[in-house]
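Below are the chains, spelled out letter by letter.
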Amino acid sequence: MIKKIFFDESGFTGNFRIKNKKFNTNDNDIFILVGIEDDENNNFIEDIKALKSKLRIQAQELKSKQILKRYDKFLPELLTIIKEKEINVFIEVIDKYFFLSMQLTEFLIYSPLMKNKNSEVNNPNARKTYSLFFYNFLSVEIFEDYYNLIHEPTEKMFTDFLKTLINIFENLFYECIIGSYYNKNYLLTFNQIVASIMDLLKNVLETYLEIEDYNKENSVSNMICSNFLPIGDYSYKENYYNSYYHLSCFVNIVKRIDEINKNSEIFLIHDNQLESKNILEKNLDEMKQGKYNTLLNNSHSLFFKDSKDDILIQIADVLAGGLRKTIENKLKLKNTDLSIKNLKEFNKACQINFVLPLETANKLDVILFDKEIKELFKEIKKRREKVSL
């Protein structure tokens, strides 16, 4: 049986990078990728055509900006159809800056080489918590060092980078930045997490040095640090470091699709957008080899198609654009009642995976972190505000 999944995105600026020690996202921090599974037996396409006729939409191609602006009933009615027909819609929603912290956590602390030394390897809460600490306590300069390391790795740069991270968290541990003003319970939790990160980073360094010594003794030539790093990328137009948030979202959706379609041949059909296409095609071999913690095989085929020629790619575009607009309005407190309603309808109709920092998740009423972490970061925020006065 062949399953077809149609992809489109919203918020892919193509130039998320570190330039002049600043993050540049064009004030566009949220990225969304949508994958819609086509099932010929549910007449979904016929329902879309009927909805277009009902709302008197004459345009041959559905473009999210025009549809969302001119036909406010289209999105809610589309979500109703998806829910009633039980269409599989997979969505990844990420904050681009927080993604960098998640990437750092995933490739360093959760490298396959660390499985025997990381007791938290299967604990998703630990992953999110460590990423949150990286997000809050690492500077742009540290992330710039990380990307310099990714693009031109050397063994010395890698060890220096690890030692810098360890030093940062050692300083945090000893400074006790929230204990002076607040309940000692918060200080205890804070220091436990910082100590855990410190120990994990030391384990990474220790493991790396063990492998390096083994390779030297056995005359093995291998860039060991590449096992702890993602594959680097440059923009095809400019010499800036790009972050593979699109690739990560694509891989996550493929893994979710595989979980419910174990014996199917999967056709992955993406909108034919130049930079997205470059990124996916360039890394196809790495994905097949499991580099991104997935394993595309002979059951997966990747295609690119112009959105004007396929209504399901157009629907993926409308869903991605509609959800991003809903999220942005909610964060900016615009059209609040409608935003809350639309977000609830999205959650009912679609399978959404959120990768967001704590403050953004709280504003969207998305539960991603446990109560203890929420309370801890409330105290951290208070402490920062008091210090800045």
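Peer 1: Mind showing me how you'd approach the overall build of the chain here?
Peer 2: If you tally the helices and strands in the chain, you get 15 helices and 8 strands. For the chain, the residues scored as buried account for 51% of the 389 residues in total. In the chain, the proportion of contacts linking residues at least 24 apart, taken out of those at least 6 apart, comes to 78%. For the chain, the accessible area works out to roughly 19500 Å², and carbon and sulfur atoms hold 46% of it.

Peer 1: Mind showing me how you'd approach the environment of L209 here?
Peer 2: Along the polypeptide, L209 turns up in helix α8 (residues 184–217). Taking relative accessible area as the criterion, L209 reaches 34% and is therefore assigned partly exposed.

Peer 1: Whenever I open this one, the environment of S248 confuses me. Can you help?
Peer 2: Position of S248 among the secondary structure elements: in helix α9 (residues 245–260). Measuring from C-alpha to C-alpha, the distance between S248 and Q103 comes to 9.2 Å, with 145 residues separating the pair along the chain.

Peer 1: Would you mind going over the packing of aromatic side chains with me for this structure?
Peer 2: Aromatic ring pairs are described here by two measures, namely the spacing of the ring centres and the angle between the planes. Counted under the stated rule, the structure contains 14 aromatic pairs. For the pair Y97 and F143, a centre-to-centre distance of 5.9 Å together with 75° between the ring planes defines the contact as edge-to-face. In this pair, Y97 is assigned in helix α4 (residues 96–109) and F143 in helix α6 (residues 140–151), connecting sequence segments 46 residues apart. Using a relative accessible area of 24% as the deciding quantity, one classes Y97 as partly exposed. An aromatic cluster is defined as three or more aromatic residues linked by ring pairs; in this entry it consists of Y97, F98, Y135 and F143. The ring of F369 carries the charged tip of K128 above its face, separated from the ring centre by 5.9 Å.

Peer 1: Please explain the sheet that holds strand β7 (residues 300–305) as it appears in this structure.
Peer 2: Strands pair in a sheet through their backbones, by hydrogen bonds, and they do so in one of two ways: parallel or antiparallel. Taken in spatial order, the 6 strands line up as β7-β6-β1-β4-β5-β8 in an open sheet, and their pairing is mixed. The sheet is open, and its two borders are formed by β7 and β8 (351–355), each paired with just one other strand. Going across the sheet, the axis of each strand differs from the next one's by a mean of 20°, ignoring polarity. The sheet contact formed by strand β1 (residues 2–10) and strand β4 (residues 30–38) spans 7 bridges and is antiparallel. What sits directly across from E9, in β4, is L33.

Peer 1: Any chance you could explain the packing of α4 against helix α5 (residues 124–137) here in plain terms?
Peer 2: Packed helix pairs are specified by the crossing angle of their axes together with the interaxial distance, meaning the distance between the axes. Put simply, α4 and α5 touch, their axes get as near as 8 Å, and they point 120° apart. Between α4 and α5, the interaxial angle falls into the category oblique. Handedness of the α4/α5 crossing: right-handed. On the side of α4, the interface is formed by Y97, F98, S101, M102, L104, T105, E106 and I109, while α5 contributes R127, K128, Y130, S131, L132, F134 and Y135. Partitioning the contact of α4 with α5 into residue classes produces 9 nonpolar, 3 polar and 3 charged.

Peer 1: What is the right way to look at the pattern of salt bridges in this model?
Peer 2: Close approach of charged atoms lets side chains of opposite charge pair. Using the criterion set out here, one finds 16 salt bridges in the structure. Here K49 ties to E46 by a salt bridge, and the two come within 4.0 Å at their closest N and O atoms. With K49 and E46 both in helix α1 (residues 44–54) and 3 residues apart, the pair spans about one turn of that helix. Accessibility expressed as a relative area gives 45% for K49, which makes it partly exposed. Ionic pairing is found between D310 and K305, a salt bridge with its closest N-O pair at 2.9 Å. Assessed through its relative accessible area of 9%, D310 is described here as buried.

Peer 1: What am I meant to see in the side chain of D271 here?
Peer 2: You can see D271 is positioned in strand β6 (residues 265–271). Lacking a salt bridge, the buried D271 has K63 as its closest oppositely charged neighbour, with an N-O distance of 7.8 Å. Among the polar contacts listed, one links the side chain of D271 to the backbone nitrogen of S307, at a separation of 3.3 Å. Apart from residues lying up to four places away in sequence, D271 is in contact with F7, D8, F304, K305, D306, S307 and I313.

Definitions and limits used
- Residues numbered from 1 in each chain as written.
- Predicted model: local features only at pLDDT ≥ 70, side-chain atom pairs only at ≥ 80, totals over all residues.
- Heavy atoms only, no water.
- Helix = DSSP H or I, 4+ residues; strand = E, 2+ residues; numbered from the N terminus.
- Buried < 20%, exposed > 50% of the residue type's maximum accessible area, 1.4 Å probe, protein only.
- Contact = heavy atoms within 4.5 Å.
- Areas by Shrake-Rupley, 256 points an atom, 1.4 Å probe, with all protein chains shown as cover.
- Phe/Tyr/Trp six-rings, centres within 6.5 Å; stacked < 30°, edge-to-face > 60°.
- Lys NZ or Arg CZ within 6 Å of the ring centre and 35° of its normal.
- Pairing = 2+ DSSP bridges.
- Axes fitted to C-alpha atoms, helices over the stretch in contact; angles between N-to-C directions.
- Parallel < 35°, antiparallel > 145°, perpendicular 65-115°, else oblique.
- Left-handed = near helix turned anticlockwise from the far one by under 90°.
- Nonpolar A, V, L, I, M, F, W, Y, C, P; charged D, E, K, R; others polar.
- Salt bridge = Lys/Arg side-chain N within 4 Å of Asp/Glu carboxyl O.
- Lys, Arg positive; Asp, Glu negative; His and termini not counted.
- Polar contact = N/O pair within 3.5 Å; in protein donor to acceptor, adjacent residues only side chain to side chain.

Taken by themselves, the reported measurements are silent on function.
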